[in-house]
Amino acid sequence: MPKNLVIKEPWRYGAAGISIALRVTPRGVRDDIDGIEQLSDGRSVLKVRVRAIADGGEANKAVLVLLAKSLGVPKASVKLLSGATSRLKQIAVDGDPARLGEALRQLASAKSTD
């Protein structure tokens, strides 16, 4: 990927928090945020991997817990909006949008250095 290519942030700001586009990899070796990736259709997603399997909503629960912990918000503030059975998901996080956006930027840039 060319270094001068600007990848759009995969989250949108709202009055009550932010909405994040994710691509989830279940059955990973660890629970982690792997940075930002651009999909073939041009959309940006936050790459997330979890150890849980994609069965009975286990991976979805693990994703919500990971995001809550990473962003320093209560688990109740993180909700699955869409994509319950898909690797591509939309997640809503309630809280101060500016603080959440900055936290996501730091988490993503720590991993997107390649």
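Here's what I pulled together on the structure shown here. (Residues numbered from 1 in each chain as written. Predicted model: local features only at pLDDT ≥ 70, side-chain atom pairs only at ≥ 80, totals over all residues. Heavy atoms only, no water.)

1. Here's the deal with unusual backbone geometry
In this structure, R27 takes a positive phi of about 55° despite not being glycine. With respect to the helices and strands, the residue R27 is situated in the loop between β2 (17-25) and β3 (32-38). Of the residues examined, R27 reaches a relative accessible area of 65% and is grouped as exposed. (Helix = DSSP H or I, 4+ residues; strand = E, 2+ residues; numbered from the N terminus. Buried < 20%, exposed > 50% of the residue type's maximum accessible area, 1.4 Å probe, protein only.)

2. Remarks on the nonpolar core
A general trend in soluble globular proteins is that nonpolar side chains are found buried together. L22, L46 and V93 are the most contacted members of the largest nonpolar core, which has 26 residues in total. Of all the secondary structure elements, the ones that give two or more residues to this core are β2, β4 (44-49), α1 (58-71), β6 (88-94) and α2 (97-111). Element by element, the count of residues in this core is highest for α1, at eight residues. The residues touching L46, leaving out its near neighbours within four places in the chain, are P10, I20, A21, L22, R23, I33, G35, I36, L67, L104 and A108. (Core = buried A, V, L, I, M, F, W, Y, C linked by side-chain atoms within 4.5 Å. Contact = heavy atoms within 4.5 Å.)

3. Section: the pairing of β4
Alignment of β2 against β4, held across four bridges, turns out to be parallel. If you follow R23 over to β4, its bridge partner there is K47. Strand direction decides the pairing type here: β3 and β4, joined by six bridges, are antiparallel. What sits directly across from I33, in β4, is V48. Once β3 ends, the chain turns through five residues before running back antiparallel as β4, passing G42 with a positive phi of about 95°. (Pairing = 2+ DSSP bridges.)

4. Things to note about the layout of surface pockets
If you add up the space inside the second largest pocket, you get close to 240 Å³. What lines the second largest pocket is a set of 16 residues, among which R12, A21, R43, S44 and Q90 lie closest to the centre. Elements supplying a minimum of two residues to the lining of the second largest pocket: β1 (11-13), β2, β4 and β6. Of the residues belonging to the lining of the second largest pocket, the class tally is seven nonpolar, four polar and five charged. (1 Å grid on protein atoms, 1.4 Å probe; cavity = no way out; pocket = protein on both sides within 12 Å on 5 of 7 lines; lining within 4 Å. Points joined across faces, edges and corners; volume = space filled by probe spheres on them. Nonpolar A, V, L, I, M, F, W, Y, C, P; charged D, E, K, R; others polar.)

5. Examining the side chain of S19
Mapped onto the secondary structure, S19 falls in strand β2. A distance of 3.1 Å separates a polar atom in the side chain of S19 from a polar atom in the side chain of Q90. For S19, the contacting residues outside a window of four places in its chain are P10, W11, R12, L81, Q90, I91 and A92. (Polar contact = N/O pair within 3.5 Å; in protein donor to acceptor, adjacent residues only side chain to side chain.)

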